[in-house]
Amino acid sequence: MRDYIILTDSCCDFPAEMAEELGVTVLPLSFLLEGKEYFNYPDNREMDPHIFYEKLRAGSLGSTSAINVATFLDAMEPVVSAGKDVLYISFSSALSTTYQSACIAAREVMEANPGATVAVVDSRAASLGQGMLVYLAVQEKNQGKSLEEVQAFVEAKKDHIDHWFTVDDLNHLKRGGRVSAAAALFGTMLQMKPVLHVDNEGRLIPVSKVRGRKASVKALLDKMEELVEDPSVVFISHGDCLDDAQGLAKSIQEKFPVAKLVINYVGPVIGNHSGPGTLALFFVGKEK
């Protein structure tokens, strides 16, 4: 059995130490803010996430870019040349063209290297939901599973990685076309907070609205109580609202036997659309 690496991209929102601990290569997506391009590395070397969210709060508007084919070729070719295969777990194809670029690069690398395998899986996930899928894939690999076995595991598991999140300011979702201008205006006036999830196609779907932040955070916990299948692994990401993330984590730990808990920022590529105050909960559920 040929050795292989697991590759992903920075929309997994891994903390740098976690990416290193797992032995995962994380390719950075880029974002443009105030006329300058930055790359979103796990160690946040080009922009501190708190500063990024402070700029959004001050009214800056960013834009984001997918990873191009050339970047994937630069990452994949040296691995294959060294005699290893590649399993790439991508950001949701419903939210980015990164997956499509990876597929093109994988075909080119395999054509140039007969016998090599470069497998690409569309996670249909985002933020630490994608991160959870990568984390679980690494656990399978560490048990000695082949690339093909881990790929099959990821394909089966991805429809069970629950993403439930709420945002503090509807105007960021309005700019991304997720809610209408009227809904954003009235929702803001009435302190309405949407509860959203990512569906099986990897799209952001508004599910309900509740009044006030406290109720929206509780709604995330309620969804976990309703849908959780395996409560041992829980990931939480946040748009610069660590206190809310830690409060949610504490409530979950009081109710469930959590063995692995990870809290980290929603990175700038997703955070640009969801805004400051985003709070997202990820767990393995009966359904997505």
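Bear in mind that the values here come from a model prediction, so they are computed numbers and not experimental data.

(A) Seen up close, the overall build of the protein. Looking only at helices and strands, one finds 11 helices and 13 strands in the protein. Across its three principal axes, the protein shows a C-alpha extent of roughly 60 × 45 × 30 Å. The 288 residues of the protein split such that 53% are buried. Within the protein, contacts between residues at least 6 apart in sequence are counted, and of these 76% link residues at least 24 apart. Here the protein has roughly 12,300 Å² of accessible surface; of this, 50% comes from carbon and sulfur atoms. Each charge class in the protein can be summarised by its mean position, and for the 28 positive and 38 negative side chains these summaries are 7 Å apart.

(B) Spotlight on empty space enclosed by the protein. Counted under the stated rule, the structure contains two cavities of 30 Å³ or more. Volume-wise, the largest cavity comes out at about 110 Å³. Along the walls of the largest cavity sit S10, D13, F14, N40, Y41, P42, N44, P49, N264, Y265, G267 and P268, which together make up its complete lining. Residues belonging to the lining of the largest cavity are distributed by class as follows: six nonpolar, five polar and one charged. Put simply, the second largest cavity is a space of about 50 Å³. Class assignment of the residues belonging to the lining of the second largest cavity gives a composition of seven nonpolar, two polar and two charged.

(C) Structural view of the packing of helix α3 (residues 69–81) against helix α4 (residues 98–112). Contact geometry for α3 and α4: axes closest at 9 Å, N-to-C directions at 40°. Between α3 and α4, the crossing angle belongs to the class labelled oblique. For the crossing formed where α3 meets α4, the hand is right-handed. Residues V69, F72, L73, M76, E77 and V80 of α3 form the contact with α4, whose participating residues are T98, S101, A102, I104, A105, A106, E108 and V109. Tallied by class, residues from the contact of α3 with α4 come to 10 nonpolar, two polar and two charged.

(D) Main features of the sheet that holds strand β3 (residues 30–33). The antiparallel open sheet is built from three strands, whose spatial order is β4-β3-β5. The open sheet has two edge strands with one neighbour each: β4 (36–39) and β5 (62–65). Adjacent strand axes in the sheet meet at a mean angle of 25°, parallel and antiparallel pairs treated alike. Inspection of the sheet shows β3 paired to β4 by four bridges, in the antiparallel sense. Bridge pairing in β4 links F31 to Y38.

(E) Molecular detail of the nonpolar core. Ranked by size, the top nonpolar core spans 37 residues in total, and within it F14 and F235 carry the most contacts. Of the residues forming this core, the biggest block, eight residues, is contributed by helix α5 (residues 127–142). Apart from the residues within four sequence positions on either side, F235 is in contact with M18, L128, G131, M132, Y135, K260, V262, A280, L281 and F282. Within the second largest apolar cluster, 34 residues are counted, among which are I5, V79, V80 and A106.

(F) Local environment of the sheet that holds strand β7 (residues 118–122). Ordered by their spatial adjacency, four strands build an open sheet running β2-β1-β6-β7, and the pairing between neighbours is parallel. Two strands bound the open sheet, and with one partner strand each, they are β2 (25–27) and β7. Between one strand axis and the next, the sheet turns by 25° as a mean value, whatever way the strands run. The pairing of strand β6 (residues 85–90) with β7 spans five bridges and is classified as parallel. Bridge assignment links S90 to a residue of β7, and that residue is D122. Contacts between α3 and the sheet are confined to β1 (4–9), β2, β6 and β7, with β6 contributing the most and set at about 150° to the helix.

(G) Focus on the state of the cysteines. Evaluated as defined, the whole model comprises zero disulfides. Looking at the unpaired C12, the closest cysteine sulfur is the one in C11, lying at 8.1 Å. C241 carries a free sulfur, and the closest cysteine sulfur to it, the one in C11, is 18 Å from it.

(H) Representation of the packing of aromatic side chains within the structure. Counted under the stated rule, the structure contains six aromatic pairs. Ring plane angle 65° and centroid distance 5.0 Å describe the contact between F72 and Y88, whose orientation is recorded as edge-to-face. Placement of F72 in helix α3 and of Y88 in strand β6 is noted, with a sequence separation of 16 residues between them. When its relative accessible area of 0% is taken as the criterion, Y88 is described as buried. Through successive ring pairs, a cluster of aromatic residues spans F31, Y38, F52, Y53 and Y265.

(I) Inspection of α4 at higher detail. In this model, α4 (15 residues) spans 21 Å end to end at C-alpha, consistent with the 21 Å of a helix rising 1.5 Å per residue. Looking only at α4, the buried set comprises T98, S101, A102, C103, A105, A106 and V109. On its buried face, α4 is in contact with β1, α3, β6 and β7.

Cut-offs used in this document
Residues numbered from 1 in each chain as written. Predicted model: local features only at pLDDT ≥ 70, side-chain atom pairs only at ≥ 80, totals over all residues. Heavy atoms only, no water. Helix = DSSP H or I, 4+ residues; strand = E, 2+ residues; numbered from the N terminus. Buried < 20%, exposed > 50% of the residue type's maximum accessible area, 1.4 Å probe, protein only. Contact = heavy atoms within 4.5 Å. Areas by Shrake-Rupley, 256 points an atom, 1.4 Å probe, with all protein chains shown as cover. Lys, Arg positive; Asp, Glu negative; His and termini not counted. Charge placed at Lys NZ, Arg CZ, Asp CG, Glu CD. 1 Å grid on protein atoms, 1.4 Å probe; cavity = no way out; pocket = protein on both sides within 12 Å on 5 of 7 lines; lining within 4 Å. Points joined across faces, edges and corners; volume = space filled by probe spheres on them. Nonpolar A, V, L, I, M, F, W, Y, C, P; charged D, E, K, R; others polar. Axes fitted to C-alpha atoms, helices over the stretch in contact; angles between N-to-C directions. Parallel < 35°, antiparallel > 145°, perpendicular 65-115°, else oblique. Left-handed = near helix turned anticlockwise from the far one by under 90°. Pairing = 2+ DSSP bridges. Core = buried A, V, L, I, M, F, W, Y, C linked by side-chain atoms within 4.5 Å. Disulfide = S-S within 2.5 Å. Phe/Tyr/Trp six-rings, centres within 6.5 Å; stacked < 30°, edge-to-face > 60°. Expected span 1.5 Å × (residues − 1).

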